[in-house]
Structures are given as structure tokens and as C-alpha cells.
Amino acid sequence: MASITFDRVTLQYPGAERPSVSDLSLHIDDGEFLVLVGPSGCGKSTTLRMLAGLEQVSEGSILIDDTDVTEKDPKDRDIAMVFQNYALYPHMTVAENMGFALKLAKKPKAEIRERVEEAAELLDLTEFLDRKPKALSGGQRQRVAMGRAIVRSPQVFCMDEPLSNLDAKLRVQTRSHIAGLQRRLGVTTVYVTHDQVEAMTMGDRVAVLDKGELQQVDTPRVLYSRPANVFVAGFVGSPAMNLVETEADAQGRVSLGGIALEGRTVEPGQRVTVGVRPEHLRPAAEDGIEVEVDLVEELGSDAYVYGTADLEGSPLVVARAVGDEIPEKGSRLRLSAEADLLHLFDTDSGLRID
Amino acid sequence: MTTTADSAPVKRRVRTGEGWGSYFSGGVIVLWCLLPFYWMMVVAFRDVSQTFNTTPWPTHLTLDNFVAALNTSGGNNLLRAVGNSLLVSAITTGIAVLLGVTVSYALARLNFKGKGFITGIILAASMFPGVALVTPLFQLFTDAGWIGTYQALIVPNISFALPLTIYTLTAFLHDLPWELEEAARVDGATRGQAFMKVILPLAAPAVFTTAILAFIATWNEYLLASQLSRPNVEPVTVAIARFAGDNPYIQPYAAIMAAGTIVTVPLVIMVLIFQRRIVAGLTAGGVKS
Ligand SMILES: Nc1ncnc2c1ncn2[C@@H]1O[C@H](COP(=O)(O)OP(=O)(O)OP(=O)(O)O)[C@@H](O)[C@H]1O
Ligand SMILES: [Mg+2]
């Protein structure tokens, strides 16, 4: 068991013009499930690989418990990693794959067999132990990769998009399976994904990265209800939050389509961004934002309305339609939201204003 | 990489639609390649008086030519030459593959200054005509007292074999999924262990292929050996070329053909033994799992 600390970690690949991860400070508690999420190329894998020791940190240090591991070899860090395409050893059987680390650690054969069988049972792999990876399905391979990690009872699990090669249904199943397994084993886990649903459902806390910089790290609930900046606001939630740029009036008050944001005054004339989640928009009789419907997306349980708002710059907005009142394409409707549920950001810095 | 020997009982699917065309063209290629070899054998097994008989199938069968080829009374010693060739080729292959594997690992895996330059040099070395080396090497080895020693054959042969091994192995190693090495390192392996236990086993088909190619190339090398060796260390190529019959004015063609047959046998046996591996190596990388 171990806690992890990234202390002002920067990594710039040789020849790259800017750092892939810059000035990352992050503390992960013992036994925590932390999800790293962000758009493609934001430095998630790089962060994970630095933790595993596969990339050399340019500046800063990484601590596991209170030991500085920045300069340690991967083999001395006691970290198990699940790779995106599993990286199973093709010339070894499932059992050999799972027992490889123990064999390298010169554990007695009987113990290796016992621990492999135990893990195989946990993952429902017992009948495949003598097969080579190429004779397995994608989902089975994924479980072998998980098995290879848990057999070792390491200090830390690192997982780099372990579900991205599975089909949608299996992904949902495996998602809860992994989360449950982690809770049971209590091993500190860093999990990388670009899928924010995965991030929100699995993580104790979620760290959002963009362009190599940590944007916010908090529980899924806080990320959703109090995003620290415009990027997090737009990234977390699906469909994404509606973000509308506007300007404060002469008294420094902000309002959006007649909804006044009480109690949040800014500089007079300041450019601000107001955010509202699609699920918080409600049809309104008067007031609110007037929207012309461009598209209606029916998902069975929900329907989402995509439209153009009659606001400065005619921004596009998305709203969740409630009940059976699904508007027609081309129709006009008024949408409103409770002022408490609106988010306010400074447009220049992107930071949240409370 | 799905080519290493595997116990999974997967039956080869019988191809149907390709029919006689492929058999025909395959047959033509096989004939084209094997005809000279076939004729060598026919003459080798045919009575000396019938050497120039052009009957296409074996006639006048006899083993006399083999007896003559192996006879040492006339100053020939074919078996010793076979032994020399085996020794020189085996050592050359061993060293070339060993060096080749390490160099190609570096070229395929590591990023270091001057990598392109080194690759270029290796390519240039393989383009250098061997005949241009004969004179300088002869002088060099005369000064060093190496003429007529095994190392005089082994050292130049290694440098001929190396570009070939390095090129094939680099191409192959480059295509291996290096995540496997990383996985091994995270699993607790040193770089060395990761290479030995994961990368090398996967590269085995390619290593076998290059070993065979290097072995054949060395076995067949004639030009340098003809200048740098002396009878006690000469390889088969030189021995056959110098083959002397009873009558110095008549080339003992039949005995030479018999000698050629004897010399080819070790190669054929080796190739047959490793054939599975070779074919796997030649096609590896085409199929990725
Ligand atoms: N070996 C490398 N050399 C130079 N730049 C690299 C290297 N590896 C990654 N990068 C760059 O570093 C940045 C972060 O890459 P990283 O692989 O961490 O992204 P990611 O967040 O994992 O993205 P994805 O979701 O697509 O996997 C990218 O801009 C990428 O181009
Ligand atoms: Mg990645």
C-alpha cells in the first residue's frame, strides 16, 4: 500500500518544443482510485509512464510513500501496469504471463502457481491458463493483463486506457469489475482514460489534464458541480455544458437571457463566460433564452435538443427535453435555468468566479 | 507476431480456388532453381566414361566418383575441407549473429547521436566489392603472419556477413511491439532480462533466418579464401576448385561433381532442419497479432 506524490513534475521529450507535462503537483492517497482524464495528447500516458519509470522526468520528483523514486528503474518501483493493448507476452501461456513477475522475483514455483491460480479464479480465467494469448478473445486478454497486475500484489496499479479495445457493452461490465476489484484489493490505482464517463464512474477522484497541465483534481461530484475553469466545465459532462460569452453591465452584474446571476458581481464591463448544463435547462413560459431548434436527438430515455440561441454571437446550445414534450425541429422555444445552477467564468483567464 | 511454433491445433485451410496455375508457376521456379543441382547429382552418380552423356535421367549408376572425390592420395582432402568450411562458417555465423543482434537492438531501440551515420556506413560496407579487398587483406595478413590460418578466413567473412545480419535483424526488431519490453521492465526485469526473456524469444525466427543466410554466404565464399588460405585450412570452395585428378591434363569432372554433391549435403540437411524456423522468419512481421 502506498501513497503517491508528484512534486512539480515536468517532462519535455527530447526535441519537443514544449513540455508534454508541466509542473504537475498531485498527491494520491493510499488505496485511492485516481483517474487521469483529458483530451488526446494532453499528457495522460506520459504522466503514467513517468510514475512507472518508463520515462525520465525532466524536473521535479515523484514519491511513492515517502521514498523518492524519480531516479529508480521500473523494476525497483513495485508498480504493475496494464497497457492499452495489453502487451501480453505472445510466447508464454496465460499462466506464464501472469507468473512472469513472480518468476523474475525468484519466488518458489509452488507459490507462483498458487498465486496465479488464485488470480485466475478471481478473473474467471482458470480454464485458459494453458493457452497462448493469441487464442483468447479481446475481453479475455484484457483480463489476463489485469491478472498479470494483481498477481504481484504491487504497491501501485497503473492502467493506461485498459478498456479502449473492448466493445461498448463489455466496457461497461469490465468498468464496474475493475472498480470493484480495486476496492477489494485496496491497491492505490492511477487509471488513464479519455472517456469522461469512465472517469466519473470509476474514480474516487478525477484529475483533469489539458495540454500537459493539471486543471483540477477532485471528486466526480465536485468536478461536475463546481468546475474550476472553463476547460473542466466543457470537458466534464455529456453532452457538454453550454458556454456563452457575455459582458457584465455597468454595475458589474451578469445575466443570461434574463436570468440574473445574483450575488456574483464582477468588474463593470468585464468579459465573462456563463455556463449551463443541458440537463439544467427547462422550458419556460416567459423570460429565459429563446432558441430555434436545429436538431433533436432521441436516446430512448432522454432526448437532447440542439438549437441556436437568440443571444450575442448566436451560440449553439443543447438542452435535455423533459417528459414527453419533445419539440419539433425548426420550432422555437424558451429555456431557462435556476440562477444557482449557472456557472460563471472569467473569459480571459478561464477561471471560475464565485 | 504469430509465427513462433505453437501447439494450438489449428488446421491449415486447404486452398481451393488457386488451382493449377500456382502449381505450374511453382513447378517452373523449382525446376529453374534445382536443375543445375540435379545435373550435378546425375553426373556425380554416372560412370566417368559417360560424363558427357546427355540422357536427362540417371544412367550408368556408380559410386566410383565419390570414392575418387574422397580419395586423398592425389593431394586432395575433401573431408578436411568440409571440416574447415564447417568450422569457419560456424564461427563466422556465431560471431556475426551475436554482434548483429546487439547492434540491431541498438539501432532499432536506442536513440543516439550518429545513428543514421552508422546505418549508412554499414550499408556502404555491404556495397563494397569484395574483390577490391583481396590485395590489401593479403598484404595485411602476410604482415600479421595470418596467411593459412583460420582467423584469416573468419575475420573478413564476419565483416561480409555483418551488414546482412544487421539489416535483417534491425528491420525485424523494429517491428516488434516494444511495449512488451516495457511490460517486462515494469514486471521487474532489467533491460538485459527483458531482452533475453521477451524480445529474443520473439526474434528467434529472424535470428535463425539470418544465421542460415550468413552460414550459406560464408560456406560459399570463394574469392578471399582462394587467396588467403593454404591447403591445410582451405574451405570446400577452394578445395573443389583445386581438385586434381590422376591425369593433370584432364579435369576430373565426375569426381568434382561428386565432391560438389558431398559439399552441398550439409547445407541441405541444415536447411531442412531449420526450414520451419526459416519460413517463419521470412514471413514474420507480415502478420501482426
Ligand atoms: N516519445 C515522444 N517524443 C516526443 N513527444 C512525445 C512522445 N510521446 C508523446 N509525445 C507528445 O507528448 C504529448 C502527450 O502525449 P501522451 O501520450 O501523454 O498523450 P495522451 O494524453 O496519453 O493522449 P492519448 O489519449 O491520445 O493517448 C503529445 O503531444 C505527444 O505528441
Ligand atoms: Mg495515451
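Treat the numbers as computed from the prediction; the structure is a model and nothing was measured. (Residues numbered from 1 in each chain as written. Chains lettered and ligands numbered in written order. Predicted model: local features only at pLDDT ≥ 70, side-chain atom pairs only at ≥ 80, totals over all residues. Heavy atoms only, no water.)

**Overview of the domain arrangement of chain A**
Reasoning step 1: Taken domain by domain, chain A holds domain 1 (4–226) and domain 2 (239–346).
Reasoning step 2: The C-alpha-based centres of domain 1 of chain A and domain 2 of chain A are spaced at 39 Å. (Domains from an automatic or database assignment.)

**With respect to the sheet that holds strand β11 (residues 242–247) of chain A**
Residues and elements named next belong to chain A.
Reasoning step 1: Spatial ordering of the open sheet is given by β11-β14-β20, a layout of three strands whose pairing is antiparallel. Only two strands of the sheet have a single partner each, and these edge strands are β11 and β20 (343–346). Across this sheet, the average inter-strand angle for adjacent strands is 30°, counted without regard to direction.
Reasoning step 2: Bridge analysis of strand β14 (residues 271–276) against β20 gives four bridges, and the strand direction is antiparallel. The residue bridging V272 from the neighbouring strand is D346, located in β20. (Pairing = 2+ DSSP bridges. Helix = DSSP H or I, 4+ residues; strand = E, 2+ residues; numbered from the N terminus. Axes fitted to C-alpha atoms, helices over the stretch in contact; angles between N-to-C directions.)

**Regarding the packing of aromatic side chains**
Reasoning step 1: Throughout the structure, instances matching the rule amount to 10 aromatic pairs over all chains.
Reasoning step 2: Between F45 of chain B and F66 of chain B, the aromatic rings sit 4.8 Å apart at their centres with planes inclined by 45°, giving tilted as the arrangement. With a gap of 21 residues between them, F45 of chain B in the loop between α1 (19–44) and α2 (64–70) and F66 of chain B in helix α2 connect regions that are remote in the sequence.
Reasoning step 3: Within the aromatic cluster, the residues linked to one another by ring pairs are Y105, W178 and F195 of chain B.
Reasoning step 4: Over the aromatic face of Y89 of chain A sits the side chain of R148 of chain A, whose NZ or CZ is 4.6 Å from the ring centroid.
Reasoning step 5: Positioned above the aromatic ring of Y224 of chain A is the side chain of R277 of chain A, whose terminal nitrogen or guanidinium carbon lies 4.2 Å from the ring centre. (Phe/Tyr/Trp six-rings, centres within 6.5 Å; stacked < 30°, edge-to-face > 60°. Lys NZ or Arg CZ within 6 Å of the ring centre and 35° of its normal.)

**Some thoughts on the domain arrangement of chain B**
When the parts come together, some accessible area is lost, and that loss is often what is quoted as the size of the interface.
Residue and element names in this part refer to chain B.
Reasoning step 1: Assigned domains of chain B: these are domain 1 (2–63) and domain 2 (65–283).
Reasoning step 2: Summarising the inter-unit geometry, the C-alpha centres of domain 1 and domain 2 are found 26 Å apart.
Reasoning step 3: Buried area between domain 1 and domain 2, summed over both chains or domains, comes out near 1200 Å², and the portion from carbon and sulfur atoms is 69%.
Reasoning step 4: Linking domain 1 with domain 2 are zero salt bridges, by the criterion used here. (Buried area = accessible area lost by both parts, 1.4 Å probe. Salt bridge = Lys/Arg side-chain N within 4 Å of Asp/Glu carboxyl O.)

**Some words on the side chain of T10 of chain A**
Residues and elements named next belong to chain A.
Reasoning step 1: With respect to the secondary-structure elements, T10 resides in strand β1 (residues 4–11).
Reasoning step 2: At 2.9 Å, the side chain of T10 forms a polar contact with the backbone nitrogen of D23.
Reasoning step 3: Discounting chain neighbours no more than four positions away, the residues touching T10 are P19, V21, S22, D23, V57, S58 and E59. (Polar contact = N/O pair within 3.5 Å; in protein donor to acceptor, adjacent residues only side chain to side chain. Contact = heavy atoms within 4.5 Å.)

**Here's the deal with the site of ligand 1**
Residues and elements named next belong to chain A.
Reasoning step 1: Taken together, the neighbourhood of ligand 1 is formed by Y13, S20, S40, G41, C42, G43, K44, S45, T46 and E161.
Reasoning step 2: One of the side-chain N or O atoms of T46 is found 2.4 Å from an oxygen atom in ligand 1.
Reasoning step 3: One of the side-chain nitrogen or oxygen atoms of E161 is found 3.3 Å away from an oxygen atom of ligand 1.
Reasoning step 4: Among the residues making up the shell around ligand 1, the classes are represented as two nonpolar, six polar and two charged. (Near = heavy atom within 4 Å. Nonpolar A, V, L, I, M, F, W, Y, C, P; charged D, E, K, R; others polar.)

**Focus: a positive patch on the surface**
Reasoning step 1: A contiguous patch of positive charge, built from K103, K106, K109 and R113 of chain A together with K197 of chain B, is present on the exposed surface.
Reasoning step 2: In this structure, R113 of chain A sits in helix α3 (residues 109–123). (Patch = residues over 30% accessible without salt bridge, like charges linked within 9 Å, V, L, I, M, F, W, Y side chains within 5 Å. Areas by Shrake-Rupley, 256 points an atom, 1.4 Å probe, with all protein chains shown as cover. Lys, Arg positive; Asp, Glu negative; His and termini not counted. Charge placed at Lys NZ, Arg CZ, Asp CG, Glu CD.)

**Considering the confidence of the model for chain B**
Residue and element names in this part refer to chain B.
Reasoning step 1: Counting all residues, the mean pLDDT for chain B is 83, and 88% of those residues have values of 70 or more.
Reasoning step 2: Confidence scores differ between elements of chain B, with helix α11 (residues 253–283) showing the lowest mean pLDDT of 77 and helix α7 (residues 179–186) the highest of 93.
Reasoning step 3: Low confidence marks residues 1–11, where pLDDT is under 50. Its contacts with residues over four positions away, or in another chain, come to 20 contacts.
Reasoning step 4: This model gives residues 284–289 a pLDDT under 50, and the stretch forms nine contacts once residues within four places in sequence are excluded.
Reasoning step 5: Our summary of model confidence lists the complex with pTM equal to 0.80 and ipTM equal to 0.85. (pLDDT = per-residue confidence, 0-100.)

**Focus on the UniProt feature "transmembrane region" (unreviewed entry) in chain B**
Residues and elements named next belong to chain B.
Reasoning step 1: Under the present numbering, the feature "transmembrane region" (unreviewed entry) in UniProt falls on residues 20–39, 86–108, 120–141, 153–173, 194–219 and 253–274.
Reasoning step 2: Here residues 120–141 runs as 86% helix and 0% strand, with 27 Å between its end C-alpha atoms.
Reasoning step 3: Helix makes up 100% of residues 253–274 and strand 0%, and the two end C-alpha atoms of the span are 32 Å apart. (UniProt positions renumbered as here; feature names shortened; annotations may be inferred.)

**A word on helix α2 (residues 94–104) of chain A**
Reasoning step 1: With eight of 11 residues buried, α2 of chain A is to be regarded as a mostly interior element.
Reasoning step 2: If you check which residues of α2 of chain A are buried, you get V94, N97, M98, G99, F100, A101, L102 and L104 of chain A.
Reasoning step 3: The secondary structure elements touched by the buried residues of α2 of chain A are α3 and α4 (138–150) of chain A together with α7 and α8 (191–219) of chain B.
Reasoning step 4: One or two steps after α2 of chain A, the chain reaches K106 of chain A, where phi turns positive at roughly 60°. (Buried < 20%, exposed > 50% of the residue type's maximum accessible area, 1.4 Å probe, protein only.)

**Details of a negative patch on the surface**
Reasoning step 1: Negative charge collects at one region of the surface, where E114, E117, E118, E121, D124 and E127 of chain A lie side by side.
Reasoning step 2: Examined against the element boundaries, E118 of chain A turns out to sit in helix α3.

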